[in-house]
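Survey of secondary and tertiary structure
Chain residues, written in single-letter form:
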Amino acid sequence: MKTISYKRASNQEELEQIRTLQLQNSSQNITSEEKLQQGFVTVQHSLALLYQMNSACPHIIAVDDNTVIGFALVMLPDFRHEIAVLIPMFERIDELLLKDKTYVVMGQICINKNYRKQGIFRELYHFYREELQHQFDYLITEVATINIRSMQAHHAIGFKIIDTYQEDGIEWNIILWDWI
């Protein structure tokens, strides 16, 4: 029986494992069928950026026997200009949210293929909330509307669509989980 634990990323090896898992599930590295059935990640972070983000507010990871088998990246708004494809999302968030509300962006979530459908997605989000709800009012992310599996999973957690927009031929849903 697998004993999965949830924690904040704390060392270089864990960040390297996040990067490996990210690349294995990148939309460029999986088939169209896998994208439809399993979902995918769009952005590929450099190790340096993962480290910078983690230093500011450590990422959430699921670990089985010292192996990262899932992650939910923590991205503070200060990193808005580090990934060009995310700038439109941050600009829209600025227009949508009241200025007195605080938020954190779930930069990306991914589960190892061998560990899916075991509740890890949900547990990563519950741990995320447990760790950060006292610092932020909302957790926000965006999901490509064609990533149906991800949209359904986020809806089940409690995320609500607050905006939909087109950027470079891709339709995106900005989704928000209200922690207040």
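Parameters and conventions
Residues take numbers from 1 onward in each chain, read along the sequence in its written order. Local features in this predicted model are restricted to residues of pLDDT 70 or higher, and side-chain atom pairs are both shown and tallied only at a pLDDT of 80 or more, whereas totals for entire chains, interfaces and linings draw on every residue. Hydrogens are left out, water is left out, and the side-chain values use all remaining heavy atoms of the structure. Under the DSSP-based scheme used, a helix requires at least four consecutive residues in state H or I and a strand at least two consecutive residues in state E, with every element numbered from the N terminus. To sort residues, take the accessible area from a 1.4 Å probe on protein chains only and compare it with the maximum for the residue type: under 20% means buried, over 50% means exposed, and anything in between is partly exposed. Whether two residues touch is decided by their heavy atoms; if any such pair falls within 4.5 Å, the residues are in contact. Put simply, buried Ala, Val, Leu, Ile, Met, Phe, Trp, Tyr and Cys residues joined by side-chain atoms within 4.5 Å make one nonpolar core. Whether two strands pair comes down to DSSP finding at least two bridges between them. With axes taken as lines fitted to C-alpha atoms, and helix axes fitted only over the stretch in contact, angles between N-to-C directions fall between 0 and 180 degrees. When an angle is under 35 degrees it counts as roughly parallel; over 145 it counts as roughly antiparallel; between 65 and 115 it counts as roughly perpendicular; any other value is oblique. The hand of a helix crossing depends on one turn: near helix anticlockwise from the far one by less than a right angle means left-handed, and clockwise means right-handed. All amino acids are sorted into three groups, where Ala, Val, Leu, Ile, Met, Phe, Trp, Tyr, Cys and Pro are nonpolar, Asp, Glu, Lys and Arg are charged, and the leftover types, Gly among them, are polar.

Scanning the protein from N- to C-terminus turns up six helices and seven strands. Moving toward the C terminus, one meets the helices and strands of the protein in the order β-α-α-α-β-β-α-β-α-β-α-β-β. Taking all 180 residues of the protein together, 50% fall into the buried category. Put simply, 68% of the contacts in the protein that link residues at least 6 apart link residues at least 24 apart.

Tyr125, Tyr128 and Leu139 are the most contacted members of the largest nonpolar core, which totals 58 residues. Those residues in contact with Leu139 that sit more than four places away from it in its chain are Val104, Val105, Met106, Tyr125, Tyr128, Phe159, Ile175, Leu176, Trp177 and Trp179.

With that settled, the discussion passes to the pairing of strand 4 (residues 103-111). For strand 4, a buried count of nine out of nine residues is recorded, marking the element as mostly surrounded by other parts of the structure. Pairing analysis gives six bridges linking strand 3 (residues 67-75) to strand 4, with the strands arranged antiparallel. Residue pairing for strand 4: Phe71 is matched across the bridge by Cys110. Of the strand pairs in this sheet, strand 4 and strand 5 (residues 138-144) are connected by three bridges, and their pairing is parallel. Opposite Val104, over in strand 5, you have Leu139 as the bridge partner.

This part takes up the sheet that holds strand 5. If you walk across this open sheet you meet the seven strands as 1-2-3-4-5-7-6, and the pairing is mixed. The two strands at the open ends of the sheet, each matched to only one other strand, are strand 1 (4-8) and strand 6 (160-167). On average, adjacent strands in this sheet sit at an angle of 25 degrees to one another, irrespective of strand direction. Running at roughly 90 degrees to strand 3, helix 1 (residues 12-24) makes contact with strand 1, strand 2 (60-64), strand 3 and strand 4 of the sheet.

The next thing to look at is the packing of helix 5 (residues 120-132) against helix 6 (residues 148-157). How two helices sit against one another is set out by the angle between their axes and by the gap between those axes. Interaxial distance between helix 5 and helix 6 falls to 11 Å at its minimum, and their mutual angle equals 50 degrees. Taken together, helix 5 and helix 6 sit at an angle that is classed as oblique. Judged by the twist between their axes, the crossing of helix 5 over helix 6 is right-handed. Taken together, the residues of helix 6 that come into contact with helix 5 (itself represented by Phe121, Arg122 and Tyr125) are Ala153, His154, Ala156 and Ile157. Considered class by class, the residues forming the contact of helix 5 with helix 6 number five nonpolar, one polar and one charged.

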